[in-house]
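# Results of the structural survey
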Amino acid sequence: MDKLWIKSMQVMAPTCHQLEKRSYHLGKWQLPVCARCQGVYTGYIIGLFISIPILAVLLPLTYIDGFIQLKTAYTSTNLTRLITGIISGIATLQLLKIIINLVI
């Protein structure tokens, strides 16, 4: 199990900062992506199956949350990161669908 966990952490390292305090854990194992990245990837999957173009306007929520944390003493929770990540993932897919429909 150690080798599998190490490999999964290495594979996902280029896409996520993998900060332990911002990641969920299964027992002693830290998941290979942080809560926000986990949300974004989940949102991508959800976005494949729904089509609500207005959701594309929600894309900035994740960036707003991150920017506020960068510039203030505010620290969001992993649940907030997960939720804004899911919204961002869904919104990204909706935006891509809009762009593809305009081009095709």
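Structure's up top.
I will try to describe carefully the structure that is included in this document. None of the values given here were measured: they were computed from a predicted structure.

The rules behind each value
Residues numbered from 1 in each chain as written. Predicted model: local features only at pLDDT ≥ 70, side-chain atom pairs only at ≥ 80, totals over all residues. Heavy atoms only, no water. Helix = DSSP H or I, 4+ residues; strand = E, 2+ residues; numbered from the N terminus. Buried < 20%, exposed > 50% of the residue type's maximum accessible area, 1.4 Å probe, protein only. Contact = heavy atoms within 4.5 Å. Areas by Shrake-Rupley, 256 points an atom, 1.4 Å probe, with all protein chains shown as cover. Axes fitted to C-alpha atoms, helices over the stretch in contact; angles between N-to-C directions. Left-handed = near helix turned anticlockwise from the far one by under 90°. Nonpolar A, V, L, I, M, F, W, Y, C, P; charged D, E, K, R; others polar. Patch = residues over 30% accessible without salt bridge, like charges linked within 9 Å, V, L, I, M, F, W, Y side chains within 5 Å. Salt bridge = Lys/Arg side-chain N within 4 Å of Asp/Glu carboxyl O. Expected span 1.5 Å × (residues − 1).

## What to know about the overall build of the chain
Counting secondary structure elements, the chain contains four helices and two strands. In the chain, the order of α-helices and β-strands from amino to carboxyl end is α-β-β-α-α-α. Taken over the C-alpha atoms alone, the chain extends approximately 45 × 35 × 20 Å along its principal axes. Within the chain, the fraction of its 104 residues that count as buried is 31%. Excluding contacts between residues fewer than 6 apart, the proportion of contacts in the chain whose partners are at least 24 apart in sequence is 63%. Of the roughly 6900 Å² of accessible surface on the chain, a fraction of 74% belongs to carbon and sulfur atoms.

## A look at the packing of helix 2 (residues 35-49) against helix 4 (residues 78-103)
Remark: helix 2 packs on helix 4, axes separated minimally by 6 Å, with the N-to-C direction vectors making an angle of 35°. You can see that helix 2 and helix 4 cross each other, and the crossing is right-handed. Its residues assigned to classes, the contact of helix 2 with helix 4 shows nine nonpolar, 12 polar and three charged.

## Describing a nonpolar patch on the surface
Residues Ile52, Ile54, Val57, Leu58, Leu61, Ile64, Ile68 and Tyr74 make up a contiguous nonpolar surface patch of roughly 680 Å² in combined accessible area. Note on placement: Val57 falls in the loop between helix 2 and helix 3 (60-71). The class for Val57 is exposed, based on a relative accessible area of 56%.

## Details of helix 4
Over its 26 residues, helix 4 runs 37 Å from end to end, which matches the ideal 38 Å to within 8%, given 1.5 Å per residue. Among the residues making up helix 4, those that are buried are Asn78, Arg81, Leu82, Thr84, Gly85, Ser88, Gly89, Ile90, Ala91, Leu93 and Gln94. Close packing links the buried residues of helix 4 with helix 2 and helix 3.

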